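Chain and residue survey
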Amino acid sequence: MFSGKTPDSHTANRLTRSVARHQGTLVDLTVSNPTTVGLTTAPPDLEALRSPANAFYEPDPRGTALARRAVSGYYAGHGVEAAVERLVLTASSSEAYSWLFKVLCDPGDSVLVPAPSYPLLDALAELESVELARYRLPPEDGWAVHTGAIVECVDRLAASGKRVKAVVLVNPNNPTGSSVGEPELERLEETALCHGFALISDEVFLDYRFADRPGDVRIAAARDRALVFSLGGLSKAAALPQMKLGWILANGPAALLEEALERLEWVADSFLSVGTPVQNALASMIGGRHRAASEVRDRILENDRRLRAAFPAGGPVDVLPLRAGWTAVLRVPAVVPEEELAVSLVERHGVLVHPGYFFEFPHEAFLVLSLLPNPSLFEAGVERLRCGIGALGR
Ligand SMILES: Cc1ncc(COP(=O)(O)O)c(C=O)c1O
């Protein structure tokens, strides 16, 4: 009866079962929803959603001109010229990925994604019958993108008859906060042209860069050497995930770019998924994003200080440098498997964090936690975490 694209049964893993049993008593250090962590001084401008223009429906598959001008203004604020003709609006960056997979890939084609990184794409790829392959971000170079690792992966897949149609950059990466550097991107653009694949640069954390390395690229679609799509959206840029609005900024050699945009428009026209009210309110939401984003940044920096105070440098737990994004990564002694550690943190210490394997770290043991929670809750959670890690191996 059913396709193989959705899982047979929802068999929960050990950690999920354990969380379900202890719900209500846990300090959740995985929360990544900015609307639930008490960031209340900059509420969204809901007035903007009351426009009389919302009574009318005149859809434009790429997004209304008014809304795309607002996104163009967002990029102008980042010093990048983003013509409205090169912008396509979506309901989220997840949807942006799925539309790009539809445009770029046939069933069985391959897309390369970084490891470690956010595990968003497995389900999206499965739904589009696309195969994911992972290229390694080297820890010895602060998890930066190395084009050599991508080329190796492309060659290996080509040797087994697979076609790579897109390489995903998560820039900055979640959870490592690392970015692609300019010389590596230049090499990657050459490789993309030569092998005929596109670049998808997930830049949802563009506004949360704390410590870039010299030469780090912020907006890949500011460049036009290869076909490239930069992804962004309100959920992170304005801390408004509930508005469901994301975007794709495309760039590239003229003919390729034109064809890509026409095909994207065709997909967008089949869904018309972005609501009229949020498009009408977009200029106001983007205009008001600075307060919300700066409140989120302050929260992240404050919680990062608390975390470092709890795990001082030189101790058994290494708090990786905070480069960008909303998460912290801890390297902890690999005394027990990560899953066992995460389960015991839930069951014996009442704190929930992500085990590193969830993000495909190359080896154990890493823990990943959100820097968004309310500071007093965060402090309580970190104290539980400190006790739990301190009890390791005892
Ligand atoms: C790197 C990355 N990309 C995309 C998303 C999803 O964003 P959206 O809410 O726009 O779908 C997330 C969610 O946390 C993310 O971490």
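Being a predicted model, the structure only gives us computed values, none of them experimental.

Rules behind the numbers
- Residues numbered from 1 in each chain as written.
- Predicted model: local features only at pLDDT ≥ 70, side-chain atom pairs only at ≥ 80, totals over all residues.
- Heavy atoms only, no water.
- Core = buried A, V, L, I, M, F, W, Y, C linked by side-chain atoms within 4.5 Å.
- Buried < 20%, exposed > 50% of the residue type's maximum accessible area, 1.4 Å probe, protein only.
- Helix = DSSP H or I, 4+ residues; strand = E, 2+ residues; numbered from the N terminus.
- Domains from an automatic or database assignment.
- Near = heavy atom within 4 Å.
- Polar contact = N/O pair within 3.5 Å; in protein donor to acceptor, adjacent residues only side chain to side chain.
- Areas by Shrake-Rupley, 256 points an atom, 1.4 Å probe, with all protein chains shown as cover.
- 1 Å grid on protein atoms, 1.4 Å probe; cavity = no way out; pocket = protein on both sides within 12 Å on 5 of 7 lines; lining within 4 Å.
- Sits in = over half its atoms within 2 Å of the grid points.
- Points joined across faces, edges and corners; volume = space filled by probe spheres on them.
- Nonpolar A, V, L, I, M, F, W, Y, C, P; charged D, E, K, R; others polar.
- Expected span 1.5 Å × (residues − 1).
- Pairing = 2+ DSSP bridges.
- Axes fitted to C-alpha atoms, helices over the stretch in contact; angles between N-to-C directions.
- Contact = heavy atoms within 4.5 Å.

**Considerations on the nonpolar core**
Within the largest apolar cluster, 56 residues are counted, with the highest numbers of intra-cluster contacts made by Tyr-75, Leu-112, Tyr-135, Leu-234 and Trp-247. Ranked by the residues each element gives to this core, the list is headed by helix H2 (residues 65-77), at five residues. Residue contributions to this core reach at least three from each of two domains, namely domain 1 (14-30 + 289-390) and domain 2 (49-287). Counting 36 residues, the second-largest nonpolar core is a separate cluster that includes Ala-293, Leu-322, Leu-330 and Leu-367.

**A closer look at the site of the ligand**
Residues in close proximity to the ligand include Ser-92, Ser-93, Ser-94, Tyr-118, Leu-120, Val-170, Asn-174, Asp-202, Val-204, Phe-205, Ser-235 and Lys-236, which together make up its full environment. In the environment of the ligand, an oxygen atom lies 3.1 Å from a nitrogen or oxygen atom belonging to the side chain of Ser-94. Between Asp-202 and the ligand, the recorded distance is 2.6 Å, taken from a side-chain N or O atom to a nitrogen atom. Relative to its unbound accessible surface of 400 Å², the ligand loses 88% to contact with the protein. Of the pockets mapped on this structure, the ligand occupies the largest pocket.

**Thoughts on empty space enclosed by the protein**
With the rule as written, the count across this model stands at three cavities of 30 Å³ or more. Roughly 50 Å³ of internal volume is contained in the largest cavity. Lining the largest cavity are Pro-175, Thr-176, Gly-177, Leu-320, Pro-321, Leu-322, Arg-323, Ala-324, Thr-327, Ala-328 and Val-329. Classifying every residue of the lining of the largest cavity by side-chain character gives seven nonpolar, three polar and one charged. Built from parts of two domains, the lining of the largest cavity gets at least three residues from each of domain 1 (14-30 + 289-390) and domain 2 (49-287).

**So, H2**
Residues spaced three or four apart along an α-helix face the same direction, because each turn holds 3.6 residues. The terminal C-alpha atoms of H2, which comprises 13 residues, lie 18 Å apart, in line with the 18 Å expected from a rise of 1.5 Å per residue. Restricting attention to buried positions, one finds in H2 the residues Ala-67, Arg-68, Ala-70, Val-71, Ser-72, Tyr-74 and Tyr-75. Gly-79 sits one or two positions beyond H2 and adopts a positive phi of about 80°.

**So, the sheet that holds strand S8 (residues 246-251)**
Spatially, S2-S8-S7-S6-S5-S3-S4 is the arrangement adopted by the seven strands of the open sheet, whose pairing is mixed. Strands at the two margins of the open sheet, each flanked by one partner only, are strand S2 (87-90) and strand S4 (131-136). Shown here is a sheet whose adjacent strand axes are inclined to one another by a mean of 25°, direction ignored. Of the pairings in the sheet, the one linking strand S3 (residues 110-115) to strand S5 (residues 164-170) comprises three bridges and is parallel in character.

**Brief notes about the environment of Val-346**
The residue Val-346 is located in helix H12 (residues 338-349) in this model. Exposure remark for Val-346: the relative accessible area of 1% places this residue in the buried category. Residues Val-346 and Leu-385, 39 residues apart in the sequence, show an inter-C-alpha distance of 9.5 Å. Discounting residues that sit within four places of it in the chain, Val-346 has contacts with Leu-15, Ser-18, Val-19, His-22, Leu-26, Val-351 and Leu-352.

**Quick look at unusual backbone geometry**
Of note, the amide linkage connecting Ala-115 to Pro-116 takes the cis form, showing an omega dihedral of 5°. Position of Pro-116 among the secondary structure elements: in the loop between S3 and helix H4 (121-127). With omega at 5°, the peptide bond leading from Asn-171 into Pro-172 counts as cis. Secondary-structure assignment places Pro-172 in the loop between S5 and helix H6 (182-195). Residues other than glycine seldom take positive phi values, yet Ser-129 does so here, at roughly 60°. Inspection of the secondary structure puts Ser-129 in the loop between H4 and S4. The phi torsion at Ala-239 lies on the positive side, around 55°, for a residue other than glycine. Assessed through its relative accessible area of 11%, Ala-239 is described here as buried.

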